[in-house]
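Structural features, examined
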Amino acid sequence: MEKKNTAISDNFLGIGQIETWFAQKDWKPFPFQLEAWQAYLRGENGILNAPTGSGKTYGLWLGCLAEYFNNITKNKQPKGLQVIWITPLRALAKDIQRAMQEACEGLGVPWEVGIRSGDTTAATKRLQKKQMPHCLITTPESLHVLLAQKGYPSLFQELKTVIVDEWHELLGSKRGIQAELGISRLKALQPKLRVWGISATIGNLQQAGEVLCGNGFYTVKAKVQKKIEAVSILPDTVEKFPWTGHLGLNLIDKVLPIVEKSTSTLLFTNTRAQTEIWYQTLLAKAPWLAGQLAMHHGSLDPAIRMWVEDAIHEGKLKLVACTSSLDLGVDFRPVETVIQIGGPKGVNRFLQRAGRSGHRPDAVSKIYFMPTHSLELMEGAALSQAVREVTQEDNVTHLESRFPLQKPMDVLVQYMVTLAVSDGFEAKQLWQEVKSTYAYRELSREEWEWALAFITTGGNSLGAYDEFSKVVVENGLYKVTSRKVAIRHRLSMGTIVSEPMIKVRFVTGGYIGTVEEYFISKLNPGDVFWFAGRNLEFVKMDKLTAKVKKSNKKKGQVPRWMGARMPLSSELAGLIREKLDAFRTSIDIEMQTIRPMLELQHRWSLVPAKNQFLIEKIRSDEGYHVFFYPFEGRMVHEIMAAMVCFRISQMLPISLTFAMNDYGFEILSDIEIPLEDALESDLFSTENLLFDIESSLNETEMAKRRFREIATIAGLVFRGYPGKSKKARHLQASTQLLFDVFSEYDSENLLIKQAFQEVIDMQLEHGRLEKAMDKIKTMHIKVTNPPKFTPFAFPIMVDRRRDSLSSESFESRIQKMQVQLEQFAEEEI
């Protein structure tokens, strides 16, 4: 629980030094910064919560430097590594280092701030091993790499503090658990270690602090009213029958004037493919942007990304099309404006991206929201309301929470082997350390013994295979003695398991970036695709590298990266329902803009109030359609649709297909669907919910897919050496074989159980689905029979057809349908 504020001494010499430096720069510390410095100097653990761009970094870093001055007065010269600063993104490290080093130089503190990440050169790593910097900026993965070195305790013998930046981004992920485990080992080495987290937007701040710091932490909450101005870009005419993605590029003429009047603009999309498309379209529409337009996403060559970041910082770029790769922490002061393309699907993400502009405490952060279809203007209105309430009233009710994961065994066994690779570990001591973390506080002795057996023998079903007996026990010490095992483990550490990536290089040798193997596998020599802002012609595969050359062709494919869709958050979904409930009296410009569309929806069917659940029955040439509108987001709708189809199929033999978007879902059959009978049978009951979900979906197949990631993290499969990665089909076959072996011969294997549990918690979102269905039971169900596809139904139907048609025939057919529906609506009037 949170500590109460204790009496604060006025005698903080180091803070006086900081204030003098601030005065020289005509700055004045914010109250939250002073509070954080004082709490830090008292030796507290804690969490600092402040808006993006309000000075969070200095809120803790200058506390560390104030302590330096206090020690100097006591004739204590700090030597060696004093502070570890953990960041979730390598892209943030360079910018944070710059700000920290500038503070050291300004204050006359002879400290070196270093970086340790996957991008750090081998030469720098060797120097760090000999002499660590005073502050090391690193990632959770790189911290574990340090723990895998022989003699690693000597690196941390002077360590005073660990600070986790952007903690809200790590919380609720396996990378966050990596941070927890790494800190637990550092605490064992340095019992007086202070731990602090820095967080911006998060709904469950108290729990976030407990996960990182344990009980008895101190909370510093900034009262800075960060000004954010959110403006929606409105179309001149609103389609009454919208479809996803159609509107976006049509509004480019409204985007360009915003770019022209801003010194520097970040244009955020939700996917890498969208970024590629927008870059090409902007360059074609506005050739004057050549040389001032750049692109930034995670698949580009790191050297390109670093060049873009430096160019933004130096004010050399007018516009950067980007993804979440620039969401966090980077201080781009020249950026005046942010444009969000399409719904960000969450309030936190929208606020985070808004904070990339006006990245100073006294500056206004300005963000434009540009819908990719008319219905997304509801999201624009909801986001504007959330921004007003969060920034003006310190209201956290609209902020999404990040819930911590519990007992992922794959991360634990990887960590145990990491320590065994270095100096080894004693089981009793490590058990106590692991149990001290939030993630593993409920780990049972049986589960711990299973983990020990797994790393030493491979468990019940793999004991006959030497390659799975990685760790040996000598005189009570668990350690890795095989050089091959140690090398493979160090190459495989981490919890980010992506699809197999293929490097893209020019035939002349220049490196461009990476795309996923499944995309390249579909290309034939001569095919053209857009990547990194270039039209590239695929020439050939050379081992694991795609060789390409520049192309002058105007058309080409765009790589599609897996995991592109983001789910609508329940907080944003609730705000959208509020906007619909009051659509006729709303003063929001967004709702007024789409009112004609909503009036048509209401005339043909219904615009549901907050206490109403809308179901539409429509017959067409395709068959019998039923549309449901829970407004709970695509992921929940996918599972709910499958469950509804299963329950109806139990009533009579019927073939059903389904489709969904963020607002609702459709089920379709060639015979009439017995909806009324299904509703009378309590279609949305939560009784036997988990069983019906498991029956409606191939849970075993889903668990197999989850197991691929788990097996990789746990070290059951080796993805290959640098430049010699194993093919995706080989890895898939290996993990499937292991899954089948465990299922048949080792049903109590905790990694198999974890796979099924992750399907339920992460993929099926069981908890959120249950809440959604409980909500439906309290609502008035309204079944309507519209004469045609309604504005709500049309985009769901379009998404279902998208995958079955080529892009050109798809677009022309959908536009024809739009015209027919528009004509019907006009004739009706």
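Each remark here, short or long, concerns the structure printed above.
Residues numbered from 1 in each chain as written. Predicted model: local features only at pLDDT ≥ 70, side-chain atom pairs only at ≥ 80, totals over all residues. Heavy atoms only, no water.

This next bit is on the overall build of the protein chain. Secondary structure summary: the protein chain contains 31 helices and 28 strands in total. A compact globule built from 829 residues should have a C-alpha radius of gyration of about 28 Å, and the protein chain, at 28 Å, falls within 12% of that. Judged by the C-alpha coordinates and their principal axes, the protein chain covers about 90 × 70 × 60 Å. Out of the 829 residues in the protein chain, the part that is buried amounts to 58%. The long-range fraction of contacts in the protein chain, counting pairs at least 24 apart against all pairs at least 6 apart in sequence, stands at 75%. On the protein chain, roughly 34,800 Å² of surface is accessible, and the fraction owed to carbon and sulfur atoms is 49%. The distance from the centre of the 102 positive side-chain charges to the centre of the 98 negative ones in the protein chain is 7 Å. (Helix = DSSP H or I, 4+ residues; strand = E, 2+ residues; numbered from the N terminus. Rg over C-alpha atoms; globule rule 2.2 N^0.38 Å. Buried < 20%, exposed > 50% of the residue type's maximum accessible area, 1.4 Å probe, protein only. Contact = heavy atoms within 4.5 Å. Areas by Shrake-Rupley, 256 points an atom, 1.4 Å probe, with all protein chains shown as cover. Lys, Arg positive; Asp, Glu negative; His and termini not counted. Charge placed at Lys NZ, Arg CZ, Asp CG, Glu CD.)

Turning next to the pairing of strand β19 (residues 528-531). Side chains Val528 and Trp530 project from β19 onto one buried face, and the interleaved Phe529 and Phe531 project onto a second face that is buried too. Alignment of β19 against strand β20 (residues 534-542), held across 4 bridges, turns out to be antiparallel. Residue Trp530 lies in a different strand from β20, and its bridge partner there is Asn535. What sits between β19 and β20 in their antiparallel hairpin is a turn of 2 residues, with Ala532 showing a positive phi close to 55°. (Pairing = 2+ DSSP bridges.)

Turning our eyes to something else, we now look at the packing of aromatic side chains. Under the defined criterion, the tally for this structure stands at 28 aromatic pairs. Judged by centre distance (5.7 Å) and plane angle (75°), the ring pair of Phe519 and Phe529 falls under edge-to-face. Placement of the pair is Phe519 in helix α19 (residues 517-520) and Phe529 in strand β19, with a sequence separation of 10 residues. For the pair Phe519 and Phe529, one class covers both residues: buried. A ring pair is formed by Phe739 and Phe756, whose centres lie 6.2 Å apart and whose planes are at 40°; its orientation type is tilted. Taken together, the residues span a long stretch of sequence, with Phe739 in helix α27 (residues 728-745) and Phe756 in helix α28 (residues 750-763) at a distance of 17 residues. Taking relative accessible area as the criterion, Phe739 reaches 2% and is therefore assigned buried. A relative accessible area of 23% means that Phe756 is categorised as partly exposed. Three or more aromatic residues link up through ring pairs in this structure, and these residues are Trp21, Phe22, Trp27, Trp37 and Tyr58. (Phe/Tyr/Trp six-rings, centres within 6.5 Å; stacked < 30°, edge-to-face > 60°.)

Of all the 8 residues making up helix α13 (residues 347-354), 7 are buried; the element is thus mostly covered by neighbouring parts of the structure. Of all the positions in α13, only Val347, Asn348, Phe350, Leu351, Gln352, Arg353 and Ala354 are classed as buried.

Let's shift gears to the pattern of salt bridges. Tallied over the full model, the rule gives 36 salt bridges. Taking the shortest distance from any N to any O, the salt bridge between Glu314 and Lys316 comes out at 3.0 Å. Judged by relative accessible area, Lys316 falls into the exposed class, the value being 56%. If you follow the salt bridges from partner to partner, you end up with Lys174, Asp410, Arg706, Glu709 and Glu758 in one network. (Salt bridge = Lys/Arg side-chain N within 4 Å of Asp/Glu carboxyl O.)

With that settled, consider the sheet that holds β19. The strands making up a sheet associate through hydrogen bonds between their backbones, and the pairing can be parallel or antiparallel. In space, the 5 strands of this open sheet follow the order β18-β17-β21-β20-β19, with mixed pairing throughout. One side of each edge strand has no neighbouring strand; the edge strands of this open sheet are β18 (511-516) and β19. Averaged over all neighbouring strand pairs, the angle between strand axes comes to 45°, with direction disregarded. Bridging between strand β17 (residues 501-506) and β18 involves 5 bridges; their strand directions are antiparallel. Across the sheet, Arg505 pairs through a bridge with Tyr511, a residue of β18. (Axes fitted to C-alpha atoms, helices over the stretch in contact; angles between N-to-C directions.)

The sheet built from 3 strands is open, its strands ordered β14-β16-β15 with antiparallel pairing. Because the sheet does not close on itself, it has two edges, and the strands there are β14 (425-426) and β15 (472-474). Pairing of β15 with strand β16 (residues 477-479) involves 3 bridges; the strand directions are antiparallel. Along β16, the bridge assignment pairs Val473 with Tyr478.

We now examine the packing of helix α23 (residues 634-649) against helix α25 (residues 689-696). Any two packed helices are characterised by the angle at which their axes cross and by the distance between the axes. Where α23 contacts α25, the axes come no closer than 8 Å and their chain directions differ by 90°. With respect to α25, the element α23 is oriented roughly perpendicular. In this structure, α23 contributes Ile639, Ala642, Met643, Phe646 and Arg647 to the contact, and α25 contributes Leu689, Asp692, Ile693, Ser695 and Ser696. Looking at the contact of α23 with α25, its residues break down into 6 nonpolar, 2 polar and 2 charged. (Parallel < 35°, antiparallel > 145°, perpendicular 65-115°, else oblique. Nonpolar A, V, L, I, M, F, W, Y, C, P; charged D, E, K, R; others polar.)

Before going further, it helps to spend a moment on the environment of Asn552. With respect to the helices and strands, Asn552 occurs in the loop between β21 (545-550) and α20 (570-581). Note on Asn552: relative accessible area 79%, which makes it exposed. On a C-alpha basis, the gap between Asn552 and Ser492 in space is 40 Å, while along the polypeptide they are 60 residues apart.

The next point concerns the nonpolar core. In this structure, Phe628 and Met640 are the most contacted members of the largest nonpolar core, which totals 115 residues. The element best represented in this core is helix α15 (residues 409-421), accounting for 10 residues. Ignoring sequence-local partners within four residues, the contact set of Phe628 consists of Phe613, Leu614, Ile615, Val644, Tyr663, Gly664, Phe665, Ile667, Leu675, Leu683 and Phe684. Counting 65 residues, the second largest nonpolar core, distinct from the first, contains Val335, Ile367, Ala381 and Ile814. (Core = buried A, V, L, I, M, F, W, Y, C linked by side-chain atoms within 4.5 Å.)

Taking 1.5 Å as the rise per residue, helix α11 (residues 272-285) with 14 residues should run 20 Å; its terminal C-alpha atoms sit 20 Å apart, in good agreement. What α11 keeps buried is the set Ala273, Thr275, Glu276, Trp278, Tyr279, Gln280 and Leu282. (Expected span 1.5 Å × (residues − 1).)

In this structure, Ile576 sits in helix α20. A relative accessible area of 1% places Ile576 in the buried class. Separated by 195 residues in the primary sequence, Ile576 and Ala381 place their C-alpha atoms 7.9 Å from one another. Those residues in contact with Ile576 that sit more than four places away from it in its chain are Met378, Glu379, Ala382, Leu568, Phe631 and Tyr663.

The two faces of the sheet receive side chains in turn, since in a regular strand these alternate between them. Along strand β3 (residues 113-116), one buried face is formed by Val113 and Ile115 and the opposite face, lined by Gly114 and Arg116, is buried too. Note that the unit made of β3, helix α5 (residues 122-130) and strand β4 (residues 135-138) has a crossover that is right-handed. (Right-handed = clockwise from strand over helix to strand, strands pointing away.)

Right, let's get into the side chain of Gln190. Mapped onto the secondary structure, Gln190 falls in the loop between α8 (174-189) and β6 (194-199). The class for Gln190 is buried, based on a relative accessible area of 19%. Excluding its chain neighbours within four sequence positions, the residues that come into contact with Gln190 are Phe156, Gln157, Glu158 and Leu159.

Turning to the side chain of Arg577, a few remarks are in order. Position of Arg577 among the secondary structure elements: in helix α20. In this structure, Arg577 is buried with no salt-bridge partner, the nearest side chain bearing the opposite charge being Glu632 at 6.6 Å.

Moving on, we come to the state of the cysteines. Within the structure shown, the criterion is met by 0 disulfides. Cysteine Cys64 is unpaired, with the sulfur of Cys135 as its nearest cysteine sulfur at 7.2 Å. Cys64 sits in the buried class, given a relative accessible area of 2%. Here Cys104 stays unpaired: no disulfide links it, and the sulfur of Cys135, its closest cysteine neighbor, is 7.9 Å away. (Disulfide = S-S within 2.5 Å.)

Time to look at unusual backbone geometry. With a phi angle near 55°, Lys407 is a residue other than glycine that sits in the positive phi range. Here Lys407 shows up in the loop between α14 (376-393) and α15. Judged by relative accessible area, which is 25%, Lys407 ranks as partly exposed. If you check the backbone angles, Asn688 has positive phi at about 60° while not being a glycine. When you line up the elements, Asn688 lands in the loop between α24 (675-680) and α25. On the basis of relative accessible area, Asn688 is assigned to the exposed category, the value being 53%.

Worth remembering: the numbers are spatial, not functional.
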